[in-house]
Amino acid sequence: MKQPVRVTVTGAAGQICYSLLFRIASGEMLGNDQPVILNLLEITPALKVCEAVAMELNDCAFPLVKDIVVTDDPAVAFKDSQIGLMVGAKPRGPGMERKDLIADNGKIFSSLGKVINEVADKNIKICVVGNPANTNAFILAANAPSINQRNITALTRLDHNRALYQLAEKSGSDIAEIKKMIIWGNHSVTQVPDIAFATVAGDAAADKVDAAWAKDDFMPTVAKRGAAVIAARGSSSAASAANAVLDHMRDWCLGSESGDWVSMAVPSDGSYGVEKGLIYSYPVVCKDGDYEIVQGLEVSDFIKGKMDESEQELKEEREAVADLF
Ligand code: NAD
Ligand code: LMR
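Residues numbered from 1 in each chain as written. Chains lettered and ligands numbered in written order. Predicted model: local features only at pLDDT ≥ 70, side-chain atom pairs only at ≥ 80, totals over all residues. Heavy atoms only, no water.

1. Some details on the pattern of salt bridges
- Applying the stated criterion across every chain yields a total of 19 salt bridges.
- Across the pair Lys90 and Asp104 runs a salt bridge, and its minimum N-O distance is 2.8 Å. Pair noted here: Lys90 is in the loop between β4 (83–86) and α4 (102–119) and Asp104 is in helix α4, with a separation of 14 residues, a long-range link.
- A salt bridge links Asp216 to Lys215; the shortest N-O distance between them is 3.6 Å.
- Among the residues examined, Lys215 registers a relative accessible area of 44% and is labelled partly exposed. (Salt bridge = Lys/Arg side-chain N within 4 Å of Asp/Glu carboxyl O. Helix = DSSP H or I, 4+ residues; strand = E, 2+ residues; numbered from the N terminus. Buried < 20%, exposed > 50% of the residue type's maximum accessible area, 1.4 Å probe, protein only.)

2. Some words on the domain arrangement of the protein chain
- When its domains are assigned, the protein chain resolves into domain 1 (5–154) and domain 2 (157–319).
- A straight line from the C-alpha centre of domain 1 to that of domain 2 covers 23 Å.
- Opposite the 36 residues of domain 1 that make contact, domain 2 presents 43 residues.
- Counting the surface lost from both domain 1 and domain 2, the interface buries some 3200 Å², and carbon and sulfur atoms represent 61% of this.
- When residues of domain 1 are sorted by the area they lose upon contact with domain 2, Arg98, Asn134 and Arg150 head the list and together hold 21% of the total.
- Taken together, domain 1 and domain 2 are joined by three salt bridges.
- The partner of Arg150 in a salt bridge is Glu292, with the nearest N and O atoms 4.0 Å apart.
- The interface formed by domain 1 and domain 2 includes 14 residue pairs in polar contact (both at pLDDT 80 or more).
- Listed by contribution, the elements that provide at least two residues to the side of domain 1 that touches domain 2 are α1 (15–25), β4, β5 (125–128), α5 (133–142) and β6 (152–154).
- The greatest single-element share of the side of domain 1 that touches domain 2, amounting to six residues, is contributed by α1.
- Counted by class, the side of domain 1 that touches domain 2 contains 18 nonpolar, 10 polar and eight charged residues. (Domains from an automatic or database assignment. Contact = heavy atoms within 4.5 Å. Buried area = accessible area lost by both parts, 1.4 Å probe. Polar contact = N/O pair within 3.5 Å; in protein donor to acceptor, adjacent residues only side chain to side chain. Nonpolar A, V, L, I, M, F, W, Y, C, P; charged D, E, K, R; others polar.)

3. Some thoughts on the site of ligand 2
- The immediate surroundings of ligand 2 are formed by Arg92, Arg98, Asn131, Leu158, Arg162, His187, Gly226, Ile230, Ser236 and Ser237.
- In this structure, an oxygen atom belonging to ligand 2 sits 2.8 Å away from a side-chain N or O atom of Arg98.
- One nitrogen or oxygen atom from the side chain of His187 is found 2.6 Å from an oxygen atom belonging to ligand 2.
- Relative to its free-state accessible area of 260 Å², ligand 2 is covered by the protein chains to the extent of 94%.
- Residue assignment for the shell around ligand 2 shows that the elements contributing at least two residues are α6 (157–171) and α8 (225–233).
- Among the residues making up the shell around ligand 2, the classes are represented as two nonpolar, five polar and three charged.
- The residue makeup of the shell around ligand 2 includes at least three contributed by each of domain 1 (5–154) and domain 2 (157–319). (Near = heavy atom within 4 Å. Areas by Shrake-Rupley, 256 points an atom, 1.4 Å probe, with all protein chains shown as cover.)

4. Let's talk about the site of ligand 1
- Near ligand 1 lie 25 residues; those nearest to it are Gln15, Glu42, Lys90, Val129 and Asn131.
- A distance of 3.2 Å separates a nitrogen atom of ligand 1 from a polar backbone atom of Val129.
- Within the side chain of Asn131, a nitrogen or oxygen atom sits 2.8 Å from an oxygen atom of ligand 1.
- Coverage of ligand 1 by the protein amounts to 86% of the 870 Å² it exposes when considered alone.
- Taken together, the elements giving at least two residues each to the shell around ligand 1 come down to α1 and α4.
- Along the lines of polarity and charge, the residues of the shell around ligand 1 split into 13 nonpolar, 10 polar and two charged.

5. Some thoughts on the side chain of Ser173
- Summarising the element assignment, Ser173 is placed in the loop between α6 and β7 (178–179).
- A polar atom in the side chain of Ser173 sits 2.8 Å from the side chain of Ser171.
- Ignoring anything within four residues of it in the chain, the contact list for Ser173 reads Leu167, Ala168, Ile178 and Val200.

6. Description of the pairing of β4
- Burial along β4 is two-sided: the residues Ile83 and Leu85 and Gly84 and Met86 are all buried.
- Sheet topology places strand β1 (residues 5–10) next to β4; four bridges connect them, and they run parallel. In the sheet register, Thr10 faces β4, and the bridge partner there is Met86.
- Across four bridges, β4 lies against β5 in parallel orientation. Across the sheet, Ile83 pairs through a bridge with Lys125, a residue of β5. (Pairing = 2+ DSSP bridges.)

Following this line, the structure appears as structure tokens:
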């Protein structure tokens with residue numbers, strides 16, 4: 001029997017976690033032979049609901065769950081934690097952009113970053129979900145200098161999955177036949193969904209769909225899908241977000257599919273001219289519990305221009321929260 005992995009999930013009484021936690025507990029994130037200890041962090045007023053979630057987790061009798069800790073103390077929640085799923089944050093409502101949340105949510109990530117810096121495993125793998133996710137991850141990283149900075153990432157896998165669906169639908173193909181999708185940049189409306197290197201059943205995706213569709217339909221549809229869900233549902237995506245968190249962490253821990261790429265927002269190492277340290281979404285390959293940014297892609301001037309706009313937005317978001325690091 002493997003040693004349990006300690007997984008901390010913040011915002012555990014919220015919408016995303018009501019889907020996420022049960023799937024982690026069933027083994028969908030770390031494998032069905034990997035026991036877990038679930039540390040659930042909430043703010044004090046939400047503790048009662050969080051305890052109810054823990055009751056339901058217990059009532060599922062998941063064999064992989066070795067313990068559940070419900071707490072409003074971040075130092076307890078992150079003590080020796082090996083995986084941090086940073087969901088707890090305010091969601092946006094209709095008419096808002098994700099960066100409008102920065103003043104409220106940024107503070108959460110500076111204070112949790114400081115705690116993680118003190119008490120978590122130094123190699124904790126972090127996925128920031130709370131919006132604006134890339135900049136919140138930047139804030140967390142800046143406040144947690146003792147943590148392996150490479151391991152502080154943000155979620156763009158939901159955008160990646162949305163892009164897969166749109167291309168499959170348009171090209172009349174099966175999602176499993178699509179490889180090498182890319183989301184570049186910020187998890188915001190400036191993100192750059194890119195099919196230039198994607199293949200559909202081994203053929204170039206660009207030969208299956210026309211260029212005007214890719215530019216005028218596919219790219220804005222994917223970039224604005226979060227807002228479209230909010231408009232339709234009255235609240236932001238939850239089950240699809242939870243699914244993307246599982247995909248992100250599962251591939252990172254257990255490896256991504258051979259011959260394919262996934263999108264993760266990771267600290268830039270300067271690849272593709274993006275300023276070092278910004279949390280920027282790249283195509284990556286995951287192996288042996290680590291990821292590598294796909295190198296050497298010849299990006300068109302059009303895509304590079306969009307990538308630069310997204311980088312610029314990240315710099316502006318960083319500027320707006322300069323007091324938090
Ligand atoms: P929600 O309001 O249902 O749940 C958020 C929970 O976080 C609440 O229970 C709240 O009490 C808790 N919380 C607030 N501050 C906290 C803190 N300091 N510590 C611990 N918990 C805290 O919201 P949700 O629908 O679950 O969404 C959560 C976040 O995820 C939002 O910011 C949303 O915009 C974001 N999101 C991101 C993506 C993505 O792809 N990156 C996708 C969907 C949603
Ligand atoms: C999403 O992409 O669905 C989330 O980031 C929620 C939002 O505010 O759009």
